[in-house]
Every structure is written in C-alpha cells, then in structure tokens.
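Working through the structure, step by step
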Amino acid sequence: MKGYHIKGGRVLSGKIETSGAKNAALPILAASVMTKGENTLLSCPQISDVDSMISILTALGCKVRWEDGLLSVVADGIRGCRIPDHMMKEMRSSVFLAGSLLGRCGEAVISNPGGCDIGKRPIDIHIDGLRRLGAHIWQTDENIVLKAGRLRGAKIRLAYPSVGATENLMLAAIAAEGLTEIENSAKEPEIVDLQNYINCCGGRVMGAGSGTITVEGGIKLHGCQYRILPDRIEAGTYLLMALATGGEIMLEGIGREYLDSLLQILDGGGYRIRCSETGIWAKACGFERINCMIRTAPYPGFPTDLQPQMTAFLTKNGKGSIIEENIFEKRLEYAKELKKMGADIEISEKQVIIKDNHILCGVPVAAKDLRGGAALMIAGLMADGYTDIADTKYIKRGYSRPIDKIRALGGEIIEYDC
Ligand code: EPZ
C-alpha cells in the first residue's frame, strides 16, 4: 500500500494545466465500443480509472494504445460481450458498457459495478431504461445478463437525473430503431461532452445539458479525433488547495461556467477571482471569511464531487458554515479523519457543521474514497506539521500526477510505502 507524506504550512501558488475530465473520458471510452475505425482521444487523463477501462476494452477485443499523450482506440475487433467480474469491480463506470455492448453486440454480461464506497449506488434506473428500449435483463448468482434482439426507440423519463443512467441510455439508444427521448436526464457538462463525441462520430444526439435528450437511433458510428473537456473537479480541487494555504493559482484550460457554484461562494467570502474564456485566477488575501450553507445537488448545483474538498477548506475560516450531502448517503467518511486532525466540526448523517475556525494538526489519516482522499491532501497542506495519508490508490483513480502538480505549486509531498 502507498501513502503520501505531506509537510503542511507552506503557501501554494502557481499555475496548473487542467487535465481532461475523468467523468467524460470514461463514458466516451465506453461509447467508442460502438464505433468502426480509429478514435484518437486528446486530453484523456492518465489515471487508474482510465487504465481500468482500457483493460476492459482490451479484454473485449479492442486495440488501445497511448501514443505521445494521445489515446488511440479501435473497436473493430470486438469479440465478446462479457466483462470479467474482477474488472467490473474496479470502478463504477464499467456499467456504461452495458448500454454500448447491448448496442454493439445485442447482449452484455456484467456484474454489479464497483467504485468508491460512497453509498449503495444501485443501477435500477439504468435497468428500467434499458428495458424500456426493449432489452431483456435478468440476474444470475454472479451476473446481470442483458439481451436484445433489436432495440426500439422509446420515451423514457428518469426517476432521478442519474449521470450514469443518462449516459448508459444515450449509448444504447444509438442502436435502437427510431427516436429515443430521455426526460429528466442529468445536465452535467460531461453529458454534453459525451453527446459531442457521439456526434463527432456521426451520431445525431441533441439536448444534452437541457434535461431532455433526444437520440436518433440506427446510425452506425465511425471513429473520430476528439478532445475531452477539462476536469472541473480536478480544477476545483487545486483551486481550493492553493487558497486554503493562503496562496494564489492560475487554472489554465477551464472557464468559469464549469465551476460557477464554487466561485460564487469564494467570491462571497472575499477571495479575489478573475475569469477568462480559458482560465481562472484566484488569490487569498488573508482576511477572507465564509459562512454559508452548501447543499450538494445535480448540476448546475454544487457538485457532490467537490463536497469533501470544500469541507476541508472551510475548517480554517468557514465558522458557522454547513455542508449538506444530498447525492450519496455515505460521502462524509472523510470528515472523521478531519476531526482526527483537530477540525472543530460536528458530523451528522447528511451534514458537516463548521463549529469554529481551527488550524489543523498533521497526523496519520486514511483515505476511504477518491474525493475524501483529495480532501485529506488539502487538509495536510493546510495543517501544522506532517500528515501521512494512507492508501493513495483512491486518489490516483481520479487525479493524474498529483505529486508533480502539488510540487509545482510549492507543496512538499512524497510517496512512501505504508
Ligand atoms: C457519476 O456517478 C460520477 N461518476 C460521480 O463521480 C458523481 O459523483 C455522480 O455522477 C454524481 O454527479 C462518473 O461519472 C464515472 P448517479 P454515478 O447515477 O453515475 C442514485 C467521482 O468522484 N442512483 O448520478 O454513479 C445513486 O445511488 C465520482 O468522480 C440510483 O438510485 O452517479 C446516487 O445516490 C463519484 N439508481 C444518485 O442516484 C441508479 O440506477 C446519483 O448517482 C443510479 C443512480
């Protein structure tokens, strides 16, 4: 097991080039299964979740290779529709392949997906929607089997704007005869990016980001060259990291629209923020104070994927603030680790209340999931003394080269065996 050893108390300042978005790259890689001909993905993040998806695509018969930072995927040689169980468990996004394999091969054999332990994370909305498109789906002891002689376009209304279910149904609908309409669909920017990729491959998808998506089915997709959109969660993480230490940061390659809900809170707390088309600059001046109620919600609400990092950030000057997690029922585990560091917070089932401002103290802590691990990196960099974060494998699932990026900002961090 690997850990990060972090020396706190240094001011972090500098420039970060935002990587491509993990939560766009993964559904786009799943969608590539439905194409014929080469795909070249630019800005695909080099993170372990992408490695896991590449392993699955390769096991299915795709040819995938990195070349000078570009990822090439050719799915012409797909020879199977069963995803090995141990690969399914690696991450949540493996479930997206149900829709694309069903569309490509007419069947798929998957098991319950893995991913961060942040809640029950059922896939009932996925299953209901795929059945509406004509799939026959049953559960065996170990697997979920999906079969469809032919998929037919349908009007589907999601019970909840699930990101993954929206993406899964977009992919299956490409192979369905006729038009599919997905109402109450998720509006995240990563959904828009998936639509743009599919249309770049010759598909005809409209409405992503609006809440109602229409997919024209029966179109064969070809490969394409596509640049993945910037990772707003990575960018928000480093923004909070620099400001938490009293520094300043220039985030390159990302515009305000992706982080508006976060920037409004920081603006209100007195942080200096300047945005352009392609970058966000922010600076702490030392007198900032934030007292706010943050409720996580589907986009454009405050993103659940920045909730842990925001809580760590607010332990220093967010007295009176309340952070409420409304998307996942088990996404406050990291807060117990913040308490070990001396955070003056009260933790309940859905909320963390910042009781008083407090300078954290470096102690050994443990990451339990991806964004909780990111929160502990921020906490360690803010704290007095040294912080050891055990099990960095969670962090590497969603952040490429975190050590390089933190060092580039002036932070002191090393990786060690623990
Ligand atoms: C995606 O997960 C993201 N992952 C998550 O990012 C993100 O937190 C989440 O969307 C919400 O924005 C990827 O895109 C790979 P959901 P997903 O389906 O699709 C419930 C990160 O840290 N639900 O929108 O799994 C579910 O239990 C990760 O980068 C059902 O009940 O999220 C949850 O409570 C973590 N039934 C809520 O909906 C279903 O069939 C939101 O889940 C599907 C979901």
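The structure this text deals with has already been given above.
Read on for a plain summary of the structure. Keep in mind that this is a model prediction, so the values were computed, not measured.

Quick word on the sheet that holds strand β18 (residues 279–283)
Read across the open sheet, the 4 strands follow the order β2-β16-β18-β17; overall the sheet is mixed. Single-partner strands in this sheet number two, and they are β2 (14–17) and β17 (272–275). Shown here is a sheet whose adjacent strand axes are inclined to one another by a mean of 15°, direction ignored. As paired elements, strand β16 (residues 248–252) and β18 share 5 bridges and run antiparallel to each other. From the neighbouring strand, E248 faces β18, where its bridge partner is K283.

Points about helix α4 (residues 96–105)
Among the 10 residues of α4, 7 are classified as buried, and the element is accordingly described as predominantly covered. Residues of α4 that are buried: F96, L97, A98, G99, S100, L101 and L102. Among the structural elements, α1 (22–31), α2 (48–60), β7 (107–110), α5 (124–132), β9 (144–147) and α6 (163–174) are those in contact with the buried residues of α4.

Side note on the pairing of strand β24 (residues 386–390)
Within a regular beta strand, the side chains point alternately toward one face of the sheet and then the other, so they alternate between its two faces. Inspection of the sheet shows strand β1 (residues 2–7) paired to β24 by 5 bridges, in the antiparallel sense. Across the sheet, the residue bridging to K7 is Y386, located in β24. Where strand β23 (residues 364–366) and β24 come together, 3 bridges link them in parallel fashion. When the sheet's bridge partners are listed, V365 is paired in β24 with I389.

Focus on unusual backbone geometry
Residue P300 is reached from Y299 by a cis peptide bond, and omega for that bond is 10°. Positionally, P300 belongs in the loop between β19 (293–295) and α10 (307–317). The backbone phi angle of R121 is positive, close to 55°, even though this residue is not glycine. For R121, a relative accessible area of 21% corresponds to the partly exposed category. Positioned with a positive phi, N184 is a non-glycine residue whose angle comes to about 55°. Checked against the element boundaries, N184 lands in the loop between β11 (179–183) and α7 (189–200).

A few points about the packing of aromatic side chains
Applying the stated rule across the entire model yields 3 aromatic pairs. Centroid distance Y238 to Y399: 6.4 Å. Interplanar angle 90°. Geometry classified as edge-to-face. Of the two residues, Y238 is situated in helix α8 (residues 232–244) and Y399 in the loop between α13 (393–396) and α14 (402–408); the sequence distance between them amounts to 161 residues. Judged on exposure class, the residue Y238 and its partner Y399 are both buried. Measuring from centroid to centroid gives 5.6 Å for Y271 and F313, while their planes differ by 45°, and the two rings are tilted. With Y271 in the loop between α9 (260–268) and β17 and F313 in helix α10, this residue pair connects regions lying 42 residues apart in the sequence. Each of the two residues, Y271 as well as F313, counts as buried.

Quick notes on the rules
Residues numbered from 1 in each chain as written. Predicted model: local features only at pLDDT ≥ 70, side-chain atom pairs only at ≥ 80, totals over all residues. Heavy atoms only, no water. Pairing = 2+ DSSP bridges. Helix = DSSP H or I, 4+ residues; strand = E, 2+ residues; numbered from the N terminus. Axes fitted to C-alpha atoms, helices over the stretch in contact; angles between N-to-C directions. Buried < 20%, exposed > 50% of the residue type's maximum accessible area, 1.4 Å probe, protein only. Contact = heavy atoms within 4.5 Å. Phe/Tyr/Trp six-rings, centres within 6.5 Å; stacked < 30°, edge-to-face > 60°.

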